[in-house]
Structure formats: structure tokens, C-alpha cells
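Reading the structure
Each chain, written out:
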Amino acid sequence: MAFTLVLTTTTGWTADTGTRPYKVAVLPFETISAENIDYIKTGIVQMFQSRIRWHKKVTVIPPQQTKELIKNIEQSDQNRLIIELAKAAGADYVITGTVTQFSNAFSIDSRLYDIKNKRYLLFTEQSKRFGDLIPKVDFIAAKINKKVFNRQTISYDNLVSREKEKYEQLKR
């Protein structure tokens, strides 16, 4: 089973709000840095858990349960891990990603895998300083909420507002 990269802005990604809540699993993010920034992994998983969860519509599998399931999966490659984790957890979506630190800048690259439709969306944010990581993860969660679950959050509204301001400044 392979996944196809989708980077369009169509509404074809909007999840159908059926009778049961969608289940999302968040894998620990990889970290790439000359320094030890592994503690960021826990924070990112917790942030996604709190920001993606939506009462009666989207549940996020607890991180400890995800860790336990991962222990029981033969990890030959990332795609296999994602598929097997989703199967074991009953997850509709799996979020993975990487935080890369280069000098004092950070890049957050995350993917949301749609298990049923065998495709994924890529979400990226860059930060010039460590203190911006939390808002950047918040923006990624807001984009996922809007794009996949058609949920408009305050964070998403703030993001759109900032993007409009940037666009207007570029026009000048």
C-alpha cells in the first residue's frame, strides 16, 4: 500500500461527519538537530492531541496507547508502521512529522495520512526561533482541522488574517 501526495486546496479532503467520531493517531515526531531536542516530541504530540480532538467528531488516540501499539508492530519501514498502527488502533488518520533545527531556525514538516483513501497531506511551517514553535504547531493543527474536518478555529482565523496582511503588504 502506497500513499499519494496531495497538495491541492480542493474541498475533496473534508471528512464526512458520519455517525462515529474519526480517530486520529499521532506518531512521535522525529527530531533532527545537533542538539538534543527530543523533549519537543512529547510537546508536539500533546499539542496535536488537544487541538485536533473535537467533541463527538474527532478523537485522538492517547499517546501512551499509541506507544504501546508501536511496540507490537514490526517496523520495517515508515509506511508499514503507519498502516499497521492505523489498523491496530482503528485510526482513520495518522499524523507523523519531523522537526529539524539548523542553527537557530526550525522547520516543522508534518503529514496527515488518510488511511481509507491511501493519500496524505503535507503541512510545513518554519520558525526563526525556538519560541515560535508552539504557534507554528498550532497553525498546522488549525490547517488540519479546516482542511480535513471542516472545523474553523480561532487559530485558523488568525492564520488567515495574518496571511491576508502579508499579501496586502506584498501588493504595496
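To start, this report covers the structure provided alongside it.

Here is what the cut-offs are and how they apply
Residues numbered from 1 in each chain as written. Predicted model: local features only at pLDDT ≥ 70, side-chain atom pairs only at ≥ 80, totals over all residues. Heavy atoms only, no water. Salt bridge = Lys/Arg side-chain N within 4 Å of Asp/Glu carboxyl O. Buried < 20%, exposed > 50% of the residue type's maximum accessible area, 1.4 Å probe, protein only. Helix = DSSP H or I, 4+ residues; strand = E, 2+ residues; numbered from the N terminus. Polar contact = N/O pair within 3.5 Å; in protein donor to acceptor, adjacent residues only side chain to side chain. Contact = heavy atoms within 4.5 Å.

For the coordinates displayed, the defined rule picks out twelve salt bridges. Measuring nitrogen to oxygen at the nearest pair gives 3.9 Å for the salt bridge that ties aspartate 38 to lysine 41. A relative accessible area of 38% means that aspartate 38 is categorised as partly exposed. Taking relative accessible area as the criterion, lysine 41 reaches 28% and is therefore assigned partly exposed. Here arginine 129 ties to aspartate 132 by a salt bridge, and the two come within 3.3 Å at their closest N and O atoms. What emerges from the salt-bridge pattern is a single network uniting Arg80, Glu84 and Lys87.

Here we come to the side chain of aspartate 92. Positionally, aspartate 92 belongs in the loop between helix H3 (78–89) and strand S5 (93–102). In terms of polar contacts, aspartate 92 uses its side chain to reach the side chain of arginine 20, at 2.6 Å. In contact with aspartate 92, other than residues within four places in its own chain, are Arg20, Pro21, Tyr22, Lys23, Tyr113, Asp114, Ile115 and Lys116.

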